[in-house]
Each structure stands twice: as structure tokens, then as C-alpha cells.
Amino acid sequence: MNEKRKKAVALSYEQNMDDAPRVIASGKGLLAEEIIERAEEHNVPILADPSLVEVLAELNINEQIPEELFQVVSEVFAFIYRADKQTGKENK
């Protein structure tokens with residue numbers, strides 16, 4: 001069984017509440033598929049970045065991302081902002 005299991009990590013960032021984005025869900029296999037499915041159901045943009053998922057999957061739920069990941073994660077949130085803008089979705 002050489003097949004790599006799918007992994008997924010969900011991030012959240014509340015500008016007025018959080019100092020940094022935090023992990024709100026993480027899983028592999030069926031749990032990863034569930035995370036992705038729920039994101040799709042709620043029109044949450046999805047970015048496939050296996051190397052970033054590997055690093056983020058090491059964090060605990062509700063743990064803020066470490067400072068060394070700020071730059072790359074800010075690029076993820078910029079992607080989400082652009083995707084929201086393209087679909088006419090307003091940021092809350």
C-alpha cells in the first residue's frame with residue numbers, strides 16, 4: 001500500500017481577535033476528505049499546497065501558526081481574498 005493519504009488543514013483568522021492565523025481543523029484520509037467537502041459546501045476557497053499542509057498538520061488544533069510561516073500563510077489569505085473578490089463574496 002504505497003498510496004499517500006490525502007491531508008487537509010483548515011485555517012482561521014479573525015483580524016480583531018487573533019494575533020495570527022490558527023489551525024481549526026486537521027486530518028488525513030477520510031477526515032481530510034470531510035474537511036475539504038465541508039469547505040466546498042460553504043464556498044470556502046481551497047488551496048492545494050502539499051508542503052504547507054505537511055508543516056501545518058504538525059500543529060495542534062487552535063494553535064497559532066509560528067512566525068516563520070507568516071509570509072507563506074499571508075499568501076494563502078491573499079489567495080482567499082482574491083477568490084472572494086472574484087465571486088463577489090464580502091469579507092466579514
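Before reading on, note that the structure itself is shown above.
Below you will find a few notes about this structure. Since the structure is predicted, the reported quantities are computational estimates derived from the model, not experimental observations.

About the criteria used
- Residues numbered from 1 in each chain as written.
- Predicted model: local features only at pLDDT ≥ 70, side-chain atom pairs only at ≥ 80, totals over all residues.
- Heavy atoms only, no water.
- Helix = DSSP H or I, 4+ residues; strand = E, 2+ residues; numbered from the N terminus.
- Rg over C-alpha atoms; globule rule 2.2 N^0.38 Å.
- Buried < 20%, exposed > 50% of the residue type's maximum accessible area, 1.4 Å probe, protein only.
- Contact = heavy atoms within 4.5 Å.
- Areas by Shrake-Rupley, 256 points an atom, 1.4 Å probe, with all protein chains shown as cover.
- Lys, Arg positive; Asp, Glu negative; His and termini not counted.
- Charge placed at Lys NZ, Arg CZ, Asp CG, Glu CD.
- Phe/Tyr/Trp six-rings, centres within 6.5 Å; stacked < 30°, edge-to-face > 60°.
- Salt bridge = Lys/Arg side-chain N within 4 Å of Asp/Glu carboxyl O.
- Expected span 1.5 Å × (residues − 1).
- Arc of directions from axis to C-beta.

**A look at the overall build of the protein**
Now for step 1: Each helix and strand counted, the protein has three helices and two strands in total.
Now for step 2: Against the 2.2 N^0.38 benchmark of 12 Å for 92 residues, the protein shows a C-alpha radius of gyration of 13 Å, consistent with a compact globule.
Now for step 3: In terms of overall dimensions, the protein has a C-alpha envelope of 45 × 30 × 20 Å along the principal axes.
Now for step 4: Counting only residues that meet the buried cut, the protein has 25% of its 92 residues in that class.
Now for step 5: If you take every contact in the protein between residues at least 6 apart in sequence, the share linking residues at least 24 apart comes to 58%.
Now for step 6: Taken as a whole, the protein presents about 7,200 Å² of accessible surface, with 49% of it coming from carbon and sulfur.
Now for step 7: If you average the places of the 11 positive and of the 18 negative side-chain charges in the protein, the two averages end up 4 Å apart.

**Concerning the side chain of Ser12**
Now for step 1: Along the polypeptide, Ser12 turns up in strand 1 (residues 7–12).
Now for step 2: Judged by its relative accessible area of 12%, Ser12 falls in the buried class.

**Concerning the packing of aromatic side chains**
Geometrically, a pair of aromatic rings is defined through the distance of the ring centres and the angle of the planes.
Now for step 1: A complete count under the given rule lists one aromatic pair for this structure.
Now for step 2: Arranged with centres 6.2 Å apart and planes meeting at 65°, the rings of Tyr13 and Phe77 form a pair that is edge-to-face. Taken together, the positions of Tyr13 in the loop between strand 1 and strand 2 (22–28) and Phe77 in helix 3 (residues 70–87) put the pair 64 residues apart, joining distant regions of the chain.
Now for step 3: Take Tyr13: its relative accessible area is 35%, and that puts it in the partly exposed class.
Now for step 4: Its relative accessible area of 24% is what places Phe77 among the partly exposed residues.

**Details of the pattern of salt bridges**
Pairing between side chains becomes possible if they bear opposite charge and their charged atoms approach one another.
Now for step 1: As enumerated under the stated definition, the model contains three salt bridges in all.
Now for step 2: Asp18 is the salt-bridge partner of Arg22, the closest N and O atoms lying 3.6 Å from each other.

**Details of helix 1 (residues 30–41)**
Now for step 1: Between its first and last C-alpha atoms helix 1 spans 16 Å; for 12 residues at 1.5 Å apiece the expected length is 16 Å, and the two agree.
Now for step 2: What helix 1 keeps buried is the set Ala32, Ile35 and Ala39. When helix 1 is viewed along its axis, its buried side chains cluster within an angular range of 60° and face the same direction. Across from the buried face of helix 1, at angles greater than 90 degrees, the exposed residues are Leu30 and Glu41.
Now for step 3: Against the buried residues of helix 1 lie strand 1 and strand 2.
Now for step 4: Following helix 1 by one or two positions, Asn43 adopts a phi angle in the positive range, close to 55°.

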